[in-house]
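Chain by chain, the residues run as shown.
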Amino acid sequence: MDFTTKKYKTNKKCMEAAREIPVYDEVDVVVAGAGLAGCCAALKAARDGANVILIERDGILGGVATAGLMTCITNFFFKKDGTQVVHDIVEEIVDSLTEAGAASDKWKNVEVPCIPNNSEVMQECLFKKLTEAGVRILIHTFVSDVIMEGDTARGVIIETKMGRMAIMAKVLVDSTGDADLAYHAGAEYEYYGHDSCSTLFELANVDLDKIMKFFEEHPENFDEQKDVALPFETFRKNYYERGIFHTPHGGGKKLSILQDAIKEGKWWHEKGTATKLDHFGLYATRGSNRLLVNSHFCYVDTLSDVEAHSYAELESRLFCIQLAKLMTERMPGCENAYLSRISTTMGVRLTRNIIGDIYLTLDDVKVNRKYNNVIFRTPILYKKREDGKDLGLRLYNETIGIPVEVLIPKNVDNIVIGTGKCISADRQSRQEFLRGQMNTMLFGVAAGKIAAEAVRQNKSIKIMDVTTITSSNFA
Ligand SMILES: Cc1cc2nc3c(=O)[nH]c(=O)nc-3n(C[C@H](O)[C@H](O)[C@H](O)COP(=O)(O)OP(=O)(O)OC[C@H]3O[C@@H](n4cnc5c(N)ncnc54)[C@H](O)[C@@H]3O)c2cc1C
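Please read these numbers as outputs of a predicted model, since none were measured by experiment.

Q: Sorry, what's going on with the overall build of the chain here?
A: A count of helical and extended segments in the chain gives 12 helices and 21 strands. By principal-axis analysis of the C-alpha atoms, the chain measures approximately 65 × 55 × 45 Å. Here the analysis covers contacts within the chain between residues at least 6 apart in sequence; of these, 73% occur between residues at least 24 apart. Here the chain has roughly 19,500 Å² of accessible surface; of this, 49% comes from carbon and sulfur atoms. Mean positive and mean negative side-chain charge positions of the chain (58 and 65 charges, respectively) differ by 2 Å.

Q: Help me understand the sheet that holds strand E11 (residues 200-204), please; the structure alone is not making it clear to me.
A: The strands making up a sheet associate through backbone hydrogen bonding, with each pair oriented either parallel or antiparallel. Strand order in the open sheet formed by 5 strands is E12-E13-E14-E11-E16, and the pairing between neighbours is antiparallel. A strand with exactly one partner marks an edge of an open sheet, and here the two such strands are strand E12 (244-247) and strand E16 (338-342). Direction aside, neighbouring strands of the sheet carry axes that sit 20 degrees apart on average. As paired strands, E12 and strand E13 (residues 281-285) are joined by 4 bridges and run antiparallel to one another. Paired with isoleucine 244 across the two strands is threonine 285, which belongs to E13. Contacts between helix H8 (residues 306-330) and the sheet are confined to E11, E13, strand E14 (291-294) and E16, with E11 contributing the most and set at about 30 degrees to the helix.

Q: I keep staring at the environment of arginine 456 and nothing clicks. Help me out?
A: Mapping arginine 456 onto the fold places it in helix H11 (residues 437-457). When its relative accessible area of 59% is taken as the criterion, arginine 456 is described as exposed. Taking the C-alpha atoms as reference points, arginine 456 and glycine 49, 407 residues apart in sequence, are found 8.1 Å from one another.

Q: Hey, could you run me through the packing of aromatic side chains in this one?
A: All told, the structure shown has 17 aromatic pairs when counted by the stated rule. Summarising the aromatic geometry, the rings of tryptophan 268 and phenylalanine 319 are spaced 6.4 Å apart at their centres and angled 70 degrees between planes, so their arrangement reads as edge-to-face. Taken together, the residues span a long stretch of sequence, with tryptophan 268 in the loop between helix H7 (256-263) and E13 and phenylalanine 319 in helix H8 at a distance of 51 residues. The class for phenylalanine 319 is buried, based on a relative accessible area of 5%. Judged by centre distance (6.0 Å) and plane angle (15 degrees), the rings of phenylalanine 297 and tyrosine 299 are stacked. An aromatic cluster is defined as three or more aromatic residues linked by ring pairs; in this entry it consists of Phe214, Phe215, Phe222, Phe232, Phe235, Tyr239, Tyr240 and Phe245.

Q: Teacher, can you tell me more about helix H10 (residues 427-434) here?
A: Within an α-helix, residues lying three or four positions from one another point in the same direction, as the helix has 3.6 residues per turn. Turning to H10, its buried residues number three or more, namely Ser429, Arg430, Glu432, Phe433 and Leu434. Taken together, the buried residues of H10 touch strand E18 (353-354), helix H9 (362-366), strand E19 (374-386), strand E20 (389-403) and H11.

Q: Can you walk me through the nonpolar core in this structure?
A: If you look at soluble globular proteins, the nonpolar side chains tend to sit buried side by side. One finds Phe77 and Leu407 to be the most contacted residues of the largest nonpolar core, which totals 104 residues. The element that contributes the greatest number of residues to this core is H11, accounting for 12 residues. Leucine 407 has contacts with Ile354, Ile375, Ile415, Val416, Ile417, Ile423, Phe443, Ala446, Ala447 and Ile450, leaving out every residue within four places of it along the chain. If you look at the next biggest cluster of nonpolar residues, it comprises 37 residues, including Phe245, Leu255, Ala261 and Phe280.

Q: Is there a simple way to explain the side chain of arginine 430 in this structure?
A: Take arginine 430: it is sitting in helix H10. Within the buried core, arginine 430 has no salt-bridge partner, and the shortest N-O distance to an opposite charge, that of glutamate 190, equals 4.8 Å. With residues up to four places along the chain from it excluded, the contact list for arginine 430 reads Leu350, Thr351, Arg352, Asn353, Gly420, Lys421, Cys422, Ile423, Ala425 and Arg435.

Q: Hey, could you run me through the site of the ligand in this one?
A: Around the ligand lies a shell of 31 residues, among which Glu56, Thr74, Thr419, Arg435 and Thr440 are the nearest. Measuring from a nitrogen atom of the ligand, one finds a side-chain N or O atom of threonine 74 at 2.6 Å. Here arginine 435 contributes a backbone N or O atom positioned 2.6 Å from an oxygen atom of the ligand. If the ligand stood free it would expose 1,000 Å²; the protein chains cover 95% of that surface. Of all elements in the fold, only helix H1 (36-47), strand E3 (72-74), strand E6 (142-149), strand E17 (347-348) and H11 reach the threshold of two or more residues within the shell around the ligand. Grouping the amino acids of the shell around the ligand by side-chain chemistry returns 11 nonpolar, 13 polar and 7 charged.

Q: So what exactly am I meant to see when it comes to helix H3 (residues 119-132) here?
A: With 14 residues, H3 should cover 20 Å at 1.5 Å per step; its first-to-last C-alpha distance of 20 Å lies within 8% of that length. Residues of H3 that are buried: Ser119, Val121, Met122, Gln123, Cys125, Leu126, Lys129 and Leu130. Packed against the buried residues of H3 are H1, strand E2 (52-55), E3, helix H2 (88-99), strand E5 (136-138) and E16. Where H3 starts, the residue carrying a side-chain oxygen 2.8 Å from the main-chain nitrogen of glutamate 120 turns out to be asparagine 118. Following H3 by one or two positions, glycine 134 has its phi on the positive side, about 90 degrees.

Q: Looking at this model, I keep getting lost on the pattern of salt bridges. Mind explaining?
A: Side chains that carry opposite charge are capable of pairing whenever their charged atoms lie near each other. Enumeration according to the criterion identifies 33 salt bridges in this entry. We note a salt bridge from aspartate 95 to lysine 108, for which the minimum N-O separation is 3.1 Å. In this pair, aspartate 95 is assigned in helix H2 and lysine 108 in the loop between H2 and strand E4 (114-116), connecting sequence segments 13 residues apart. According to the relative accessible area criterion, lysine 108 is partly exposed, its value standing at 37%. We note a salt bridge from arginine 341 to glutamate 120, for which the minimum N-O separation is 2.3 Å. Here arginine 341 is found in strand E16, whereas its partner glutamate 120 is found in helix H3, with 221 residues between them in sequence. Given the relative accessible area of 19%, arginine 341 is considered buried. One network of salt bridges, in which partners are shared, links Glu120, Glu202, Arg290 and Arg341.

The rules behind each value
Residues numbered from 1 in each chain as written. Predicted model: local features only at pLDDT ≥ 70, side-chain atom pairs only at ≥ 80, totals over all residues. Heavy atoms only, no water. Helix = DSSP H or I, 4+ residues; strand = E, 2+ residues; numbered from the N terminus. Contact = heavy atoms within 4.5 Å. Areas by Shrake-Rupley, 256 points an atom, 1.4 Å probe, with all protein chains shown as cover. Lys, Arg positive; Asp, Glu negative; His and termini not counted. Charge placed at Lys NZ, Arg CZ, Asp CG, Glu CD. Pairing = 2+ DSSP bridges. Axes fitted to C-alpha atoms, helices over the stretch in contact; angles between N-to-C directions. Buried < 20%, exposed > 50% of the residue type's maximum accessible area, 1.4 Å probe, protein only. Phe/Tyr/Trp six-rings, centres within 6.5 Å; stacked < 30°, edge-to-face > 60°. Core = buried A, V, L, I, M, F, W, Y, C linked by side-chain atoms within 4.5 Å. Salt bridge = Lys/Arg side-chain N within 4 Å of Asp/Glu carboxyl O. Near = heavy atom within 4 Å. Polar contact = N/O pair within 3.5 Å; in protein donor to acceptor, adjacent residues only side chain to side chain. Nonpolar A, V, L, I, M, F, W, Y, C, P; charged D, E, K, R; others polar. Expected span 1.5 Å × (residues − 1).

Here it is in structure tokens:
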């Protein structure tokens, strides 16, 4: 179901001539989209023995986590009691960041809300692991269509500077974050539009100790109930003992420097296409002198209004430039800072999701519904609410088993969804829980595992025996 109307400027149509195109290659598995999830999917499929090509439209590996500059992995590897649940490739990727000095090596603690890291090092880690596993990578390559034989996907159409070509594959993993492949294949889907997007930026030459001192002298500026709910004392401890600086997204509403600027007419809650311009989450690793700013939102139909999306993204970059200036003028510790980077792509939180034989809801998560074909387990988390008030994301002391069926579109064969953003689940469970970097990587690994196993069994996704992979739990 699509709740948006595609915004064309005319009602006219024209015919595109049918033409023969080259088949660039034939492989076991095509993974489309090299965000964190797609990289995990390709890595897992290759390590499990498949011949894999990973295709990415941008020139960067990592998607939202690098091109989108969301260099902060929310740390939900643990149950509330501190037991670590998530391991395998997902843990390996974070460990490789800490080994490279690009993230704090003290992250393995349930009190740590997130793992700030360096996006350049993240790309390096992903590239090394993918190439070591034998994954071939095409960047600047857009998957524009799926080749179907009845209801079965057989390959993809790609657009490159070499021209339009096809790649045939036994299984397609859709890690595009927009379910592009499933959509082109005619899978059932939901799309609500009004997509929540943010452009992030980074300040360099920041005096983090001084910023920390400002919060210690004015603790009322820290919001304990926003984003990942965290007592002020834990925030302090994370900085001094674990080298992790994290103020909650949404916490800017308590930050005097922003609110004073708004009162003086020097900053805004809303302007142009942007809103929540004072939301403001800050993330950094002590000693890096770099501060990531998760600054504002815009809401736009990214899949049905190309012009509005373009304008909002370009305008949002201007807000980053202006906010960086405001911070250097007003924020203690930012006096000598400068704007070092703006995300190259505006991050989009959620767009399409597919419909599978099982449709997971946040209520299922809350009651920890049990499923048969569990592909991995993950710690349960969702927002605590009292009297309609949002009291922030909380971890619980249980894990939920994710069924294979949420990764597989109901009405097409040979496509597996490899990202937590687009699986068969309601918007709330994906928004609060499943799209986060840790979980989306788990979905990537799961998709890679399913794809490689289908290849090994020489069967299509719909008829393969999933019991061989659902019995083992890699989380
Ligand atoms: C602003 C923002 C803030 C967030 N904050 C946090 C946070 O604090 N902590 C946390 O854990 N998570 C956070 N998230 C969520 C998390 O970062 C993302 O959900 C996660 O990184 C998504 O990874 P992915 O690989 O599933 O998808 P993406 O990163 O979206 O990757 C999809 C990839 O596919 C490519 N692609 C798309 N279409 C095509 C196509 N047709 N052909 C070829 N390639 C294609 C894209 O270029 C991209 O590289 C945030 C997300 C956003 C947007």
